[in-house]
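Per-entry structural report
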Amino acid sequence: MSAVPTIQLNDAHSIPQLGFGVFQIEPAETAEAVAEALRVGYRHIDTAEMYGNEEGVGEAIRASGLDRSEVYVTSKLNNGFHEPDEARRAFDATLEALGFDYVDLFLIHWPLPTLYDGDYVSTWKTLEEFQRDGRSRSIGVSNFQVAHLERLAADADVTPAVNQIELHPYLLNAEVADYGREHGIATEAWSPIAQGAVLDDPVITEIAERLGRTPAQVVLRWHIERGNIVFPKSTTPERIRENFELFDFELESGDSEQIDALDRGEKGRTGPNPDTLAYVPG
Ligand SMILES: NC(=O)c1ccc[n+]([C@@H]2O[C@H](COP(=O)([O-])OP(=O)(O)OC[C@H]3O[C@@H](n4cnc5c(N)ncnc54)[C@H](OP(=O)(O)O)[C@@H]3O)[C@@H](O)[C@H]2O)c1
């Protein structure tokens, strides 16, 4: 029923290219937002331990009547639990909060190169255990820079299936995305519409008017055509639906190049820099 394409990962699993993100959705509102997304047709939910709303995600999926296997679920390791035994406990807690016996994808949320003696390799090897025992079908990383990916390539056995990075028209993050393309690591684009900051850009609004689409649809379609995996967040039912309607139109010749040219490099970054972020929840 869904026209959402799937992306083949390097471990033989595949992931729906469009999903629903739940960052900054209040725990008490999460089940309703996810329920609405599932009604619209989304079959991929992106959560994290640090969002505090895994329970609502599991609750909505169970209440939907869909089979667990029909919904792709991602969660991510809390920054406070990189040490292997802590990571094992945290992963158990994720499964318990979701109420599932597996996740489709589990990520190291941030590399934290200035914490834990810079040892994200031991953390990654702990995620390899979760994949080996079948409780995480795929494993990946988030906010890893090229140097971090190169270190995993040198010191670990498994190549991450995905790298989830900030990526939108104002931050193409090209060096990291290119590294992924060259090494079989799929790119997931977080804050795909820069939390709304790109939507009134004249380049975007001109394309939207010409195509009879909304600015958000134009930007999300641009991601889809680039091969990025995206999961826009919204708690507004009309926007949840709008963001799903991306597969009955295409950008016109030259549109993608115009959007690419909006890249501001580092100045376009809206979130923390992964080389320096050292946030651990209190
Ligand atoms: N790995 C990481 O470090 C990381 C970091 C950030 C995000 N993420 C993931 O990426 C997901 C998406 O990123 P994000 O939540 O930061 O930002 P986003 O999806 O780029 O933007 C969400 C914001 O845009 C608004 N919005 C959504 N659809 C819209 C539309 N069609 N028209 C106008 N405004 C619209 C939403 O408002 P309303 O809700 O009020 O409608 C919300 O304020 C997150 O939910 C999370 O799963 C991961």
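This write-up is about the structure you can find in this document.

What counts and what doesn't
- Residues numbered from 1 in each chain as written.
- Predicted model: local features only at pLDDT ≥ 70, side-chain atom pairs only at ≥ 80, totals over all residues.
- Heavy atoms only, no water.
- Pairing = 2+ DSSP bridges.
- Helix = DSSP H or I, 4+ residues; strand = E, 2+ residues; numbered from the N terminus.
- Contact = heavy atoms within 4.5 Å.
- Axes fitted to C-alpha atoms, helices over the stretch in contact; angles between N-to-C directions.
- Near = heavy atom within 4 Å.
- Polar contact = N/O pair within 3.5 Å; in protein donor to acceptor, adjacent residues only side chain to side chain.
- Areas by Shrake-Rupley, 256 points an atom, 1.4 Å probe, with all protein chains shown as cover.
- Buried < 20%, exposed > 50% of the residue type's maximum accessible area, 1.4 Å probe, protein only.
- 1 Å grid on protein atoms, 1.4 Å probe; cavity = no way out; pocket = protein on both sides within 12 Å on 5 of 7 lines; lining within 4 Å.
- Points joined across faces, edges and corners; volume = space filled by probe spheres on them.
- Nonpolar A, V, L, I, M, F, W, Y, C, P; charged D, E, K, R; others polar.
- Core = buried A, V, L, I, M, F, W, Y, C linked by side-chain atoms within 4.5 Å.
- Phe/Tyr/Trp six-rings, centres within 6.5 Å; stacked < 30°, edge-to-face > 60°.
- Lys NZ or Arg CZ within 6 Å of the ring centre and 35° of its normal.
- Salt bridge = Lys/Arg side-chain N within 4 Å of Asp/Glu carboxyl O.
- Right-handed = clockwise from strand over helix to strand, strands pointing away.

Strand order in the open sheet made by the eight strands is β3-β4-β5-β6-β7-β8-β9-β10, with parallel pairing throughout. Two strands in the sheet have a free side with no partner beyond their single neighbour: β3 (20-21) and β10 (229-230). Pairing of strand β9 (residues 186-190) with β10 involves two bridges; the strand directions are parallel. In the strand pairing of β10, E188 is matched with I229. Along the sheet face, helix α3 (residues 84-98) touches β5 (72-77), β6 (103-108) and β7 (136-142) and points at about 140° away from the line of β6.

Glancing now at the site of the ligand. Surrounding the ligand, one finds 28 residues, the nearest of these being D46, S191, K233, S234 and T236. Interatomic distance of 2.7 Å between a side-chain N/O atom of K233 and an oxygen atom of the ligand. Between the ligand and S234, the relevant distance is 2.6 Å, taken from an oxygen atom to a side-chain nitrogen or oxygen of the residue. A total of 900 Å² of accessible area belongs to the ligand in isolation, and the protein chains cover 88% of it.

For L112, which is not glycine, the phi torsion reads 50° and is therefore positive. By the secondary structure assignment, L112 is in the loop between β6 and α4 (120-132). The phi dihedral of D117 is positive, around 55°, even though this residue is not glycine. Checked against the element boundaries, D117 lands in the loop between β6 and α4. With a relative accessible area of 84%, D117 lands in the exposed category.

Below, the discussion takes up empty space enclosed by the protein. For the structure shown, the criterion picks out one cavity of 30 Å³ or more. Here the largest cavity defines a volume of roughly 40 Å³. Taken together, N143, F144, Q145, I165, E166, N173, V176, R269 and P274 form the lining of the largest cavity. Split by residue class, the lining of the largest cavity holds four nonpolar, three polar and two charged.

Our next topic: the layout of surface pockets. Empty space within the largest pocket amounts to approximately 830 Å³. Along the lines of polarity and charge, the residues of the lining of the largest pocket split into 16 nonpolar, 14 polar and five charged.

Now for the nonpolar core. Taken as a class, soluble globular proteins show a tendency for nonpolar side chains to be buried jointly. Membership of the largest hydrophobic core comes to 72 residues, with the highest contact counts inside it found for F20, I45 and I259. With seven residues, helix α1 (residues 27-40) is the largest single contributor of residues to this core. Setting aside residues up to four positions removed in sequence, I259 forms contacts with P169, V203, I204, I207, V218, W222 and L251.

This structure, assessed with the given rule, holds eight aromatic pairs. When the centroid spacing of 4.7 Å and the interplanar angle of 65° are considered together, the rings of F91 and F106 count as edge-to-face. Here F91 is found in helix α3, whereas its partner F106 is found in strand β6, with 15 residues between them in sequence. F106 matches F91 in its accessibility class, with the two residues each being buried. Aromatic rings pair up to connect F20, Y42 and F244 into one cluster. Over the aromatic face of Y102 sits the side chain of R137, whose NZ or CZ is 3.8 Å from the ring centroid.

We now examine the pattern of salt bridges. A full pass over the atoms with the stated rule returns 18 salt bridges. The shortest N-O distance in the salt bridge between E36 and R39 comes to 2.8 Å. Here E36 pairs with R39, and both are found in helix α1, just three residues apart, close to one helical turn. Of the residues examined, E36 reaches a relative accessible area of 15% and is grouped as buried. Accessibility expressed as a relative area gives 53% for R39, which makes it exposed. With a closest N to O distance of 2.7 Å, R221 and E225 form a salt bridge. Remark: E225 and R221 occur in helix α8 (residues 215-226); sequence separation between them is four residues, near one turn of the helix. Its relative accessible area of 10% is what places R221 among the buried residues. Through salt bridges with shared partners, a single ionic network connects E206, R210, E252 and D255.

This paragraph deals with the pairing of β7. Counting buried residues along β7, six of its seven residues qualify, which places the element largely inside the surrounding structure. Sheet analysis places β6 next to β7, joined by five bridges and oriented parallel. Residue pairing in the sheet places L105 in a bridge with S138 of β7. The parallel pair β6 and β7 is bridged by α4, and the resulting crossover is right-handed. Bridge count for β7 against strand β8 (residues 162-166) is two bridges, and the pairing is parallel. Residue pairing across strands places V141 opposite N163, the latter belonging to β8.

Distances and angles like these do not, on their own, reveal function.
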